[in-house]
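The residues making up each chain are set out below.
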Amino acid sequence: MNGRRPGPDPRRNATQPDELKTALGSKFGDRILSVEPFPGMAGRVRFERKAAVEVLQSARDDLGFSHLSMVGGIDWVDHREVFYVLWSDAIRQYVLFSTDLPADDPRVESVSGVWPSANWHEREAWELVGINFDHHPDLRHLLTPDGYVFHPLLRSFKLHEPEELEVKSRHV
Amino acid sequence: MTTPATEVARPKVGTMAFEGRPVDDELPMVQQPGVPFIEIEALRAKEFIPAAKEALTSLIAEQGQAKLIRPVFNWAGRNSLFPLHWGLACCAIEFAAAFGARWDAERFGVVPRSSPRQCDVMIVNGTVTWKVAHKLITLYEQMPEPKWVVAMGNCATGGGPFRTAYSVVPGVDKLVPVDIYIAGCPPRPEAFLDGILRLEQLIRERKE
Amino acid sequence: MSEMWINMGPQHPMTHGLWNLRVRIDGEVILDVDPEMGYLHRGIEKISEDRHYNEVITLMDRCCYVAGLCWEHLYIIASEQALHLEPPERAQYLRVMCDEFQRIASHLMWYAAFVQDIGLMSPFLYSMRDRDLVLDLFQSYTGARMTYEYMRVGGVRNDLPPGFTDQARKVLDWLIPRFHEYDQLCLGSSIFHKRCDNLGILKAADCVAHGVTGPMIRSAGVKRDLRKDRPYASYRQLDFDVAVADGADVTGRYLVRMEEMRQSVRILRQVLDWLDRHPGPVMAEQLPRWLGAPYAPVGREGYLLKRNYPKGVGFSAVEEPHGEAQAYIVNEGGEHPYRVKFRSPVFGNISAARQYLVGYRVADIPPIMGSVDVCVGEVDR
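Only a predicted model underlies this, so the values are computations on that prediction, with no experimental measurement involved. (Residues numbered from 1 in each chain as written. Chains lettered and ligands numbered in written order. Predicted model: local features only at pLDDT ≥ 70, side-chain atom pairs only at ≥ 80, totals over all residues.)

S.K.: Any chance you could explain the overall build of chain A here in plain terms?
M.R.: Along its length, chain A carries three helices and seven strands. Secondary structure elements of chain A, listed N to C terminal, follow the sequence α-β-β-α-β-β-β-β-α-β. Burial statistics for chain A: of 172 residues in total, 40% are counted as buried. Taking as baseline every contact in chain A between residues at least 6 positions apart, the subset at least 24 positions apart corresponds to 49%. (Helix = DSSP H or I, 4+ residues; strand = E, 2+ residues; numbered from the N terminus. Buried ≥ 20, exposed ≤ 12 C-beta atoms within 10 Å, placed from the backbone. Contact = placed C-beta atoms within 7 Å.)

This is how it looks when you write it as structure tokens:
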């Protein structure tokens, strides 16, 4: 359409990181470690792992981030990180919540009581990155076969080169 | 006045009885590069029928199996290849497109069937993972003989772009014997039909 | 006493993809559902950690194979954020054109599979024929029917061939009466209504709680579309409506997808007009040397140099034909991404299976799962 003005940016009155910081910091104090800007989102909130369920429940009920989009894990070799991406219909923005887990004890409370959609995301994060979710209703393999003992997305899990893949053929 | 048979009259298959030429029943069938024929000497009626039966049995056993029955079976098999209605990954979409109106695969007699018990050919169209390997082998073993496997696409041929992945079988020929490999990622429907036609050529040349 | 778990899959004519739907049934009534995924888990996220940024594009096409260009777009937006690059405007419009044609092709493929599940056979042939027309358009400018590898970090690979926009308009003019024909074939059939009305109901609150997005939540009356709520590429400049239906049932999802196809045609007409009037570059000019891949305007000698590249993170969200897809890319400096995480819309849609399958009958499973529009490649990645 020639000569058409672009519509108003629905994120013009968007939530900024410092607004998130005041809203969450007043409730949780120093269990919110930091709130940083993040490209394309309202912000990135780092919190302590013990407060996972409370912070995320407050994000849903008080801040209006009603939709949990994904839960994932990242393996930084000396620690692991689990992140939650939430969406708010009211302000039409995403926000990223993340917490760091020590490498020797990668456990965090499951949020599938808050959002049932977290169920499958946490199963996948467990089997691929090795993060244990306490009180998860159904923690079993989703994408990898039952009984697969490895957590493939850890940096210590190395893939083969194509030339190394000489699997003995069944019918040779 | 009939001549008493001094010996059991047996037809000479594949030999030409010349005068003075030794005629031996143990001579091999194709002695000369000529056309074999049955030489039926004067036989009586009650000796004729078992002799004819034996002649026809040996004829069919030696030549008819190769010239009459096997070709008919091959013709029937290659013109009615029933693949398993199974799609693994992206190549399955091109497999489905080959059954659309533009590249009509059904004109070759290829009709997908849902049950492996009714199928001749299993077209492995997509990446084979270790999780599905057991089920794939089970489906292959559920198919009745004669059966063929077509590895469609690069993933089924050798793992494709996912060869280095931890969960991918580098080629379905590690699990089941493959007759035709169709390269492509994904192979176009024309390539898939070419693979089917090559399979038909393979079946045409089937000897046993 | 006649309760049992049965396996529908991984080889099943209904499933349209490699997954196993385990249902616990009592006679014909479904009591519980346990979808079993992972038969197509190819480890795309792990392989991407060994690939150059432009080489991951090949995996994105195969991730969701019916909507390949939308997943390329998703990955490209996130990686451009992570690499601090900005594509030119013509590339943005080309990407929107790719997305919308891909939406039409994906919905036509959905339609072909869905009507086969209902029991109608001829609409499958009609929609595959029309989908082949759209794939012909793709082939004319990307070179491939299905796995395109067309988008690059910083832009797209090449511009359109001459005469493409006229050809595309002809295809759009052909498609509009075909959509009406498809509606007549389906909505005009009382069997379709008996099979599909009030089936597989998933209300709006359940959709939000279970992470269900896309046509499923729009059929529940929620006007939620990322192209309007959080516009990316050139969607802010384009004029279209969001397709919404009331019933939250299978017929509602059918109506939403048919209307989305019509809105895609509307968007495409605007995009094609813009593309005709605004020639320009399709690739960003300031590509870093180390990103030099065959189709970037820098030489290949910059391909493998290791230096201290800037770090970054990128997040993108795209309204894919199946719903909302997201990508989160962590760039720790280096030619390979450190972590690539994708969120597939069908992942959320299938995880809510217990909500919209329990209580119905086994014969209702094909229409309901057909309306969910399963593409297993993106669930399993």
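S.K.: Where do I start with the interface of chain C and chain A in this structure?
M.R.: Often the size quoted for an interface is simply the accessible area lost on bringing the parts together. Every contact between the two is made by 34 residues of chain C and, on the other side, 31 residues of chain A. Those elements that place two or more of their residues in the side of chain C that touches chain A are helix H1 (44-48), helix H8 (204-210), helix H11 (250-277), strand E6 (312-320), strand E7 (323-331), strand E8 (339-343) and helix H12 (345-351) of chain C. Looking at the side of chain C that touches chain A element by element, the count peaks at four residues for E6(C).

S.K.: What's the story with the sheet that holds strand E2 (residues 20-26) of chain C in this structure? I'm lost.
M.R.: In a beta sheet, neighbouring strands are held together by backbone hydrogen bonds and run either parallel or antiparallel to one another. Residues and elements named next belong to chain C. Pairing is antiparallel across the open sheet formed by three strands, whose spatial order is E1-E2-E3. At either margin of the open sheet sits one strand with a lone partner, and together these are strand E1 (3-8) and strand E3 (29-36). Across the sheet, the mean angle from the axis of one strand to that of its neighbour is 20°, orientation sign disregarded. Inspection of the sheet shows E2 paired to E3 by seven bridges, in the antiparallel sense. Across the sheet, Val 23 pairs through a bridge with Val 33, a residue of E3. (Pairing = 2+ DSSP bridges. Axes fitted to C-alpha atoms, helices over the stretch in contact; angles between N-to-C directions.)

S.K.: Sorry, what's going on with the packing of helix H2 (residues 56-63) of chain C against helix H3 (residues 68-82) of chain C here?
M.R.: For any two helices packed against each other, the geometry comes down to the angle between their axes and how far apart the axes lie. Residue and element names in this part refer to chain C. Where H2 contacts H3, the two axes come as close as 7 Å, and the packing angle between them is 135°. With respect to their mutual orientation, H2 and H3 come out oblique. In terms of crossing hand, the pair formed by H2 and H3 is right-handed. Of the residues in H3, those touching H2 at Val 56, Ile 57, Met 60, Asp 61 and Cys 63 are Gly 68, Trp 71, Glu 72 and Tyr 75. Here the residues of the contact of H2 with H3 sort into six nonpolar, one polar and two charged. (Parallel < 35°, antiparallel > 145°, perpendicular 65-115°, else oblique. Left-handed = near helix turned anticlockwise from the far one by under 90°. Nonpolar A, V, L, I, M, F, W, Y, C, P; charged D, E, K, R; others polar.)

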